[in-house]
Amino acid sequence: MNARTFRASTMPEALAKVQAELGPEALVLASHKVLSGPAWQIWRGPEIEVLALPPNAVADQDGTLSTEPPNTPGPAPQSPTTWPGSLDHIHRQLIASGVDEHLARQIASGAADMLGPRALCDLQRLREHVARDLAARLPVGEYLPRQGEQRIIVLVGPSGVGKTAATAKLAGYARYTLGRRVAIVTLDTFRVGALAQIQTFADILHLPLTVAYTPADLTAAIAAYREMDLIVIDTPGRNPRRSAELVELAALLTPLPLSRRTFLVASATAKPGDLAEAASAFRGLELNGLMFTKMDETVTFGNLFTLACATALPANYFCFGPRVLQDIEPASPERLVELLLEKEN
């Protein structure tokens, strides 16, 4: 696999080292803080350590993200030929909904091991068991401020996934459903029409908006909104295959406090391989969660379920349509499982 470790005092510097040595399409696997210098130095300071691979080094043959840890074989799934018809039906339904094939077989095999022959032939009982298994595998977590505390949420992702609309929906949800004081900051000054779009959303929601062109602008905006409960930050879409763009974005976000949360915005209409690549590329920005968009534009949701399972990142919010105030809801395992197991996919 030839994984390489890079250290630097800041995330942008570490990503720059990755790009310089492994090229602009290097894959970032993980990042975390470590202490620099020998262990006996009690004054050691923190550094950022990034684990990266050359391009395409961690992709499966089909280009999807593996749902098993590297070098850790999963349990051998039973052969579908030994399953009763009802279990085979559920297995095929999961595959048709876009769930990773290995993961789907693992779920079906687990049901075969846990349930008796009578339950396996009862489609309703089998469906209930599989629904519980699916829900238990899906991490979720809403991250919005309680009264009297401030939180900062940054939305990142590739172009075209609906980050700006998601920014407005999250801000509107916090303001008008939860009654929090909310401000919006946008760093998306590159895309044609981006500023007009976010300004329109801010006007509709009657929320303050600041445009930040530089890290200094972002620092000033955070200071100006210190009385706000929540600051939602929209960012420009970045190409997962161009590490230079990710380095630029990381540099823009440098002034933000470590307590911020960074959500990867993932479109429900994206191919599984593209979601996997985006998750791998944006990991260097220290992702904390997932926000799913365009869920009204598809009838298959297994790609989102597989992404959450493979990354172990909690799903935070679901977005289902164009309405800013109505088409967002906190993520729940039951909701996604319901979509996965609908009788007609």
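In case you missed it, the structure is sitting above this.
Everything quoted here is computed from the prediction, not taken from an experiment.

### So, the sheet that holds strand β4 (residues 151-156)
- A sheet is described by the order of its strands in space; here eight strands give the open sequence β6-β5-β7-β4-β8-β9-β10-β11, paired in mixed fashion. Two strands bound the open sheet, and with one partner strand each, they are β6 (209-211) and β11 (328-330). Adjacent strand axes in the sheet meet at a mean angle of 25°, parallel and antiparallel pairs treated alike.
- Against the sheet, helix α7 (residues 194-205) engages β5 (182-186) and β6, with an angle of about 165° to β6.

### As for the packing of aromatic side chains
- Applying the stated criterion across every chain yields a total of three aromatic pairs.
- Summarising the aromatic geometry, the rings of Tyr-173 and Tyr-317 are spaced 6.2 Å apart at their centres and angled 65° between planes, so their arrangement reads as edge-to-face. Of this pair, Tyr-173 sits in helix α6 (residues 163-177) while Tyr-317 sits in strand β10 (residues 315-319), and the two are 144 residues apart along the sequence. As far as burial versus exposure is concerned, Tyr-173 and Tyr-317 are alike and both buried.
- Seen in terms of ring centroids, Phe-318 and Phe-320 are 6.4 Å apart; in terms of plane orientation they differ by 85°. Their pairing is edge-to-face.
- With a relative accessible area of 0%, Phe-318 lands in the buried category.
- Residue Phe-320 is classed as buried on the basis of its relative accessible area, which comes to 16%.
- An aromatic cluster is defined as three or more aromatic residues linked by ring pairs; in this entry it consists of Phe-292, Phe-318 and Phe-320.
- The ring of Phe-190 has Arg-238 sitting right over it, with the charged end atom 5.1 Å from the ring centre.

### Considering helix α9 (residues 243-252)
- Counted residue by residue, α9 has seven buried out of ten residues, so it is predominantly covered.
- Among all positions in α9, only Ser-243, Glu-245, Leu-246, Val-247, Leu-249, Ala-250 and Leu-252 are buried.
- Tucked inside the fold, the buried residues of α9 contact α1 (11-22), β4, α8 (215-224) and α10 (272-282).

### Section: the side chain of Arg-180
- For Arg-180, the position within the fold is in the loop between α6 and β5.
- Here Arg-180 sits buried without a salt bridge, and the closest side chain of opposite charge, Asp-229, lies 5.2 Å off (N-O distance).
- Among the polar contacts made by the side chain of Arg-180, one reaches the main-chain carbonyl oxygen of Leu-178 at a distance of 2.7 Å.

### Remarks on the packing of helix α2 (residues 85-96) against helix α3 (residues 101-114)
- Contact geometry of α2 with α3 gives a least axis separation of 9 Å together with a crossing angle of 155°. Taken together, α2 and α3 sit at an angle that is classed as roughly antiparallel. Crossing hand, α2 versus α3: right-handed. Every residue of α3 that contacts α2 at Leu-87, His-91, Leu-94 and Ile-95 is listed here: Glu-101, Ala-104, Arg-105, Ile-107, Ala-108, Ala-111 and Ala-112.
- Along the lines of polarity and charge, the residues of the contact of α2 with α3 split into eight nonpolar, one polar and two charged.

### So, the pattern of salt bridges
- Under the counting rule described, the total for this entry stands at eleven salt bridges.
- Here Arg-137 ties to Asp-133 by a salt bridge, and the two come within 2.8 Å at their closest N and O atoms. Of this pair, Arg-137 and Asp-133 both sit in helix α5 (residues 123-137), four residues apart, which is roughly one turn of the helix.
- The shortest N-O distance in the salt bridge between Lys-271 and Asp-274 comes to 3.9 Å.
- For Asp-274, a relative accessible area of 38% translates into the label partly exposed.
- Each of the salt bridges in this network shares a partner with another, and the network as a whole consists of Arg-238, Arg-242, Glu-245 and Glu-248.

### Quick notes on the nonpolar core
- Counting residues in hydrophobic clusters, the biggest one holds 78 residues, and the most contacted among them are Leu-134, Ile-233, Phe-282, Phe-292, Met-295 and Phe-305.
- Per-element tally for this core: the top contributor is α3, with six residues.
- Setting aside residues no more than four positions away along its own chain, Phe-305 makes contact with Val-99, Leu-103, Ile-107, Leu-134, Arg-137, Leu-138, Leu-336 and Leu-340.
- By size, the runner-up hydrophobic cluster in this structure holds 28 residues, among which are Tyr-143, Ile-184, Phe-263 and Tyr-317.

The rules behind each value
Residues numbered from 1 in each chain as written. Predicted model: local features only at pLDDT ≥ 70, side-chain atom pairs only at ≥ 80, totals over all residues. Heavy atoms only, no water. Pairing = 2+ DSSP bridges. Helix = DSSP H or I, 4+ residues; strand = E, 2+ residues; numbered from the N terminus. Axes fitted to C-alpha atoms, helices over the stretch in contact; angles between N-to-C directions. Contact = heavy atoms within 4.5 Å. Phe/Tyr/Trp six-rings, centres within 6.5 Å; stacked < 30°, edge-to-face > 60°. Buried < 20%, exposed > 50% of the residue type's maximum accessible area, 1.4 Å probe, protein only. Lys NZ or Arg CZ within 6 Å of the ring centre and 35° of its normal. Lys, Arg positive; Asp, Glu negative; His and termini not counted. Salt bridge = Lys/Arg side-chain N within 4 Å of Asp/Glu carboxyl O. Polar contact = N/O pair within 3.5 Å; in protein donor to acceptor, adjacent residues only side chain to side chain. Parallel < 35°, antiparallel > 145°, perpendicular 65-115°, else oblique. Left-handed = near helix turned anticlockwise from the far one by under 90°. Nonpolar A, V, L, I, M, F, W, Y, C, P; charged D, E, K, R; others polar. Core = buried A, V, L, I, M, F, W, Y, C linked by side-chain atoms within 4.5 Å.

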